[in-house]
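Next come the chains, spelled out residue by residue.
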Amino acid sequence: MFRARAPLASNCSRATAASGPSVSVRPSLLPNAGLGLFAARAFEADAVVPGCTYGGDALTLMEARRREDKAYLMALHFNVHVDASDARTCLGYLARYVNDAEAELPEVTNSVSSPGPETKRNNAAFAKDPERRLARLRTTRAVAEGEELTAAYGAQYWRLKAAKG
């Protein structure tokens, strides 16, 4: 069971990762996605992407619920959330540029289906660490150099986005 060791506070200033040899930020290949995160080298399946974490202002559940803009809000635990919406103060958290490739699929369901040849599938996942108030990016399959790193945002993110219009 998770036990908070310290009160929640902003940890953006503690970010130390920088764009280096493992990833680069550039325009996404996904439609309407803005910037994306790309592998600057090949990765094996189940590899932690070095220097690629998701973090930001640490919030309790109630603080997170009061945020108007939830686009960069990630729940790490029931009462531990991080908001990476301010790129100026969260420069080191490169995983904020990871997009969800499966969001482009017409049917976002839990059904098991065989992907077609042009179906986009995510190639990474977030490994959440509520004690450190961040999530690390881990590949879910082999990723080629130059490939965009993508991970699921979760159904709740897309429900909130659809409700906002």
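This one's a predicted model, so the numbers in the text were calculated from it and none came from an experiment. The written sequence of each chain sets the order in which its residues are numbered from 1. Where local features are concerned, this predicted model is filtered to residues with pLDDT of at least 70; where side-chain atom pairs are given and counted, the filter is 80 or more; whole-chain, interface and lining totals use all residues. The side-chain values count all of the structure's non-hydrogen atoms but skip hydrogen atoms and water molecules.

**A look at the sheet that holds strand β6 (residues 80-83)**
Right, so step 1: Taken in spatial order, the three strands of this open sheet run β4-β6-β5, and their pairing is antiparallel. Pairing within the sheet leaves two strands with one partner each, and these edge strands are β4 (57-59) and β5 (73-77). Adjacent strand axes in the sheet meet at a mean angle of 30°, parallel and antiparallel pairs treated alike.
Right, so step 2: Two strands pair when backbone bridges link them, and β5 and β6 are joined in this way by four bridges, in the antiparallel orientation. Between any two strands, pairing holds if DSSP finds at least two bridges. For the purposes of this entry, the term helix denotes a DSSP run of H or I that reaches at least four residues, the term strand denotes a run of E that reaches at least two, and both are numbered from the N terminus. Where helices are involved, their axes are fitted lines through C-alpha atoms of the stretch in contact, as for all axes, and angles between N-to-C directions lie from 0 to 180°.

**Considering the pattern of salt bridges**
Right, so step 1: Take a side-chain nitrogen of Lys or Arg and a carboxyl oxygen of Asp or Glu: if they are within 4 Å of each other, that pair is a salt bridge. Throughout the structure, instances matching the rule amount to seven salt bridges.
Right, so step 2: Two residues, Glu102 and Arg121, come together in a salt bridge whose shortest N-O distance is 3.9 Å. Of this pair, Glu102 sits in the loop between β6 and β7 (124-129) while Arg121 sits in the loop between β6 and β7, and the two are 19 residues apart along the sequence.
Right, so step 3: We call a residue buried when its accessible area falls under 20% of the maximum for its residue type, exposed when it is over 50%, and partly exposed in between, using a 1.4 Å probe and counting protein chains only. The exposure class of Arg121 is partly exposed, given its relative accessible area of 32%.
Right, so step 4: Of the charged contacts, one joins Arg132 and Asp129 as a salt bridge, the two residues approaching to 3.4 Å between their closest N and O atoms.
Right, so step 5: Where salt bridges share partners, they join Asp129, Arg132 and Arg136 into one cluster.

**Structural notes on the pairing of strand β2 (residues 35-39)**
Right, so step 1: Of all five residues making up β2, four are buried, and the element is well covered by its neighbours.
Right, so step 2: Sheet topology note: the strand β1 (residues 23-27)/β2 ladder contains five bridges and is antiparallel. What sits directly across from Val25, in β2, is Leu37.
Right, so step 3: Here β2 pairs with strand β9 (residues 148-149) via two bridges, running antiparallel.

**Some thoughts on the sheet that holds β9**
Right, so step 1: The three strands lie next to each other as β1-β2-β9, forming an open sheet whose pairing is antiparallel. The strands lining the two open edges of the sheet, one partner per strand, are β1 and β9.

**Here we look at unusual backbone geometry**
Right, so step 1: Its identity is not glycine, yet Asn32 carries a phi of approximately 60°, on the positive side.
Right, so step 2: Locating Asn32 in the fold gives a position in the loop between β1 and β2.
Right, so step 3: A positive phi angle, near 60°, is found at Arg133, a position not held by glycine.
Right, so step 4: Within the element layout of this structure, Arg133 appears in the loop between β7 and β8 (134-139).
Right, so step 5: Judged by its relative accessible area of 5%, Arg133 falls in the buried class.

**A look at the packing of aromatic side chains**
Right, so step 1: Pairing of aromatic rings covers Phe, Tyr and the six-membered ring of Trp, with a centre-to-centre limit of 6.5 Å; geometry is then stacked below 30 degrees between planes, edge-to-face above 60, and tilted otherwise. This model, assessed by the stated rule, comprises four aromatic pairs.
Right, so step 2: Ring centres of Tyr54 and Phe126 lie 5.9 Å apart, and the angle between their planes is 70°; this geometry places the pair in the edge-to-face category. Here the residue Tyr54 occupies a position in strand β3 (residues 48-55), and Phe126 occupies one in strand β7, the gap between them amounting to 72 residues. The two residues Tyr54 and Phe126 agree in class, both being buried.
Right, so step 3: Measuring from ring centre to ring centre gives 4.8 Å for Tyr153 and Tyr157, while their planes differ by 80°; the resulting arrangement is edge-to-face.
Right, so step 4: An aromatic cluster is defined as three or more aromatic residues linked by ring pairs; in this entry it consists of Tyr153, Tyr157 and Trp158.
Right, so step 5: Positioned above the aromatic ring of Tyr72 is the side chain of Arg96, whose terminal nitrogen or guanidinium carbon lies 4.3 Å from the ring centre.
Right, so step 6: Sitting above the plane of the Tyr97 ring, Arg96 keeps its charged end 5.2 Å from the centroid. Charge-over-ring contacts are defined here by two conditions on Lys NZ or Arg CZ: a distance within 6 Å of the ring centre and an angle within 35 degrees of the ring normal.

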